[in-house]
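Listed here are the chains, written in short residue letters.
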Amino acid sequence: MSPIEPEETARTLKDVQEFDTRILALKRGIEGLADTHHLPELREELEKAKASREGLEADLDEIKHKQLKLDGEVDLLSQKIEKEEARMMSGTIMNPKELQSIQQEIFSLRKKRDEMETEDLEEMEAIDDLRAALEAAGKAVEEVTTEESEAVRAYEAELAEKEAEVARLEAERDELKKGLDEDTVEAYEKLLSTKDGLAVVQIVQGRSCGGCHIEFSRTQIDRFQHEEGVFRCEYCRRMLVK
Ligand SMILES: [Zn+2]
């Protein structure tokens, strides 16, 4: 195997770094993708809409139950009134005081029934209002559900696309890496993980590090001018290429 030319190594390293920079940007995009598509907010909104619908359902059940009970009580009162009226009309009670007391009883029973019927009407109105609110709440749940599933679909499509792009770039990068010797690859990968994804940088204007931006000494600048290949920044340790 012929030794790899220093210039070629430098070129390859620069290309490999370019691939890794693009891969890293894509991976960061993937990490933030759920937020980009507003998935957490939409899920929260959906839960709130469902909770609101459930609350209204519970209120409606309660008031329906109350109304049913009230209807039963009104029926009982009506039966009682009928019974008292029948007793009064039967002609069996002759005592005027007793008749008067029955009359009074009927009067107060009727008054109570009227009150209950008013209450019943009010509850019927409340039931109508609750039904309308429940219908609106149901529509809100449907709308947010649609919005959320559309967002999930868009998120999944973009995720698949980005993941495929990462895989494609990684394959190309790995192919390029075959042109580097093992030690260089090892050093590169170590730097990549410790230097926030930036292992190889250019020597800016022949005099400073593209990674840490430190300006080199005259001697070093001379070296860069007269030698070829890969250098190391003595400050940030990154690989320097021209
Ligand atoms: Zn540096």
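Rules used throughout
- Residues numbered from 1 in each chain as written.
- Predicted model: local features only at pLDDT ≥ 70, side-chain atom pairs only at ≥ 80, totals over all residues.
- Heavy atoms only, no water.
- Helix = DSSP H or I, 4+ residues; strand = E, 2+ residues; numbered from the N terminus.
- Rg over C-alpha atoms; globule rule 2.2 N^0.38 Å.
- Buried < 20%, exposed > 50% of the residue type's maximum accessible area, 1.4 Å probe, protein only.
- Contact = heavy atoms within 4.5 Å.
- Areas by Shrake-Rupley, 256 points an atom, 1.4 Å probe, with all protein chains shown as cover.
- Lys, Arg positive; Asp, Glu negative; His and termini not counted.
- Charge placed at Lys NZ, Arg CZ, Asp CG, Glu CD.
- Phe/Tyr/Trp six-rings, centres within 6.5 Å; stacked < 30°, edge-to-face > 60°.
- Donors = N, O, S within 2.8 Å, 3.2 Å for Na, K, Ca; no water.
- Tetrahedral: all angles 85-135°; square planar, octahedral: opposite > 155°, others 65-115°.
- Axes fitted to C-alpha atoms, helices over the stretch in contact; angles between N-to-C directions.
- Left-handed = near helix turned anticlockwise from the far one by under 90°.
- Nonpolar A, V, L, I, M, F, W, Y, C, P; charged D, E, K, R; others polar.
- Domains from an automatic or database assignment.
- Buried area = accessible area lost by both parts, 1.4 Å probe.
- Salt bridge = Lys/Arg side-chain N within 4 Å of Asp/Glu carboxyl O.

Describing the overall build of the protein
Logical step 1: Across its full length, the protein holds six helices and four strands.
Logical step 2: For the protein, the sequential pattern of α-helices and β-strands runs α-α-α-α-α-β-β-α-β-β.
Logical step 3: The C-alpha atoms of the protein give a radius of gyration of 42 Å, which is well past the 18 Å a tight globule of 242 residues would have.
Logical step 4: For the protein, buried positions account for 32% of its 242 residues.
Logical step 5: Summarising the internal contacts of the protein: among those between residues at least 6 apart in sequence, 71% fall at separations of at least 24.
Logical step 6: As displayed, the protein has an accessible area near 16200 Å², and 50% of this comes from carbon and sulfur atoms.
Logical step 7: If the 37 positive side-chain charges of the protein are averaged to one point and the 61 negative ones to another, these points end up 4 Å apart.

Some thoughts on the packing of aromatic side chains
Logical step 1: Counting across every chain of the model gives two aromatic pairs.
Logical step 2: Three or more aromatic residues joined by ring pairs form one cluster here, namely Phe 216, Phe 224 and Phe 231.

Section: the coordination of the zinc ion
Logical step 1: Within the protein, the atoms that donate to the zinc ion are Cys 209 (SG), Cys 212 (SG), Cys 233 (SG) and Cys 236 (SG), at distances of 2.3 Å.
Logical step 2: Because the angles between the four donor atoms bound to the zinc ion fall within 106 to 116 degrees, the donor set is best described as tetrahedral.
Logical step 3: When its relative accessible area of 0% is taken as the criterion, Cys 233 is described as buried.

Re the packing of helix α1 (residues 6–31) against helix α5 (residues 182–194)
Logical step 1: Where α1 contacts α5, the two axes come as close as 12 Å, and the packing angle between them is 35 degrees. In this structure, α1 crosses over α5, and the sense of that crossing is right-handed. Residues Thr 9, Leu 13, Val 16, Gln 17 and Asp 20 of α1 pack against Thr 184, Tyr 188 and Leu 192 of α5.
Logical step 2: A per-class count over the contact of α1 with α5 returns four nonpolar, three polar and one charged.

Describing unusual backbone geometry
In most cases, non-glycine residues show a negative phi, while peptide bonds are predominantly trans.
Logical step 1: The residue Asp 196 is not glycine, and still its phi comes out positive at about 55 degrees.
Logical step 2: Along the chain, the position of Asp 196 falls in the loop between α5 and β1 (200–204).
Logical step 3: A residue is classified by how much of its surface remains accessible, and Asp 196, at 57% relative accessible area, is exposed.
Logical step 4: Even without being a glycine, Arg 237 presents a positive backbone phi close to 70 degrees.
Logical step 5: Mapped onto the elements of the fold, Arg 237 is located in the loop between β3 (231–232) and β4 (239–241).
Logical step 6: A residue is classified by how much of its surface remains accessible, and Arg 237, at 43% relative accessible area, is partly exposed.

Quick notes on the domain arrangement of the protein
Logical step 1: Annotation of the protein at the domain level lists domain 1 (6–31 + 181–241) and domain 2 (33–177).
Logical step 2: Computed from C-alpha atoms alone, the centre-to-centre distance between domain 1 and domain 2 is 66 Å.
Logical step 3: With 15 residues of domain 1 at the interface, the matching set in domain 2 holds 13 residues.
Logical step 4: Regarding the contact of domain 1 and domain 2, the summed buried area is about 1400 Å², with carbon and sulfur atoms giving 72% of it.
Logical step 5: Contact with domain 2 buries area across many residues of domain 1, yet Phe 19, Leu 26 and Ile 30 alone supply 42% of it, more than any other trio.
Logical step 6: Applying the counting criterion to the domain 1 and domain 2 interface returns three salt bridges.
Logical step 7: The partner of Glu 170 in a salt bridge is Lys 27, and the shortest N-O contact between them spans 3.3 Å.

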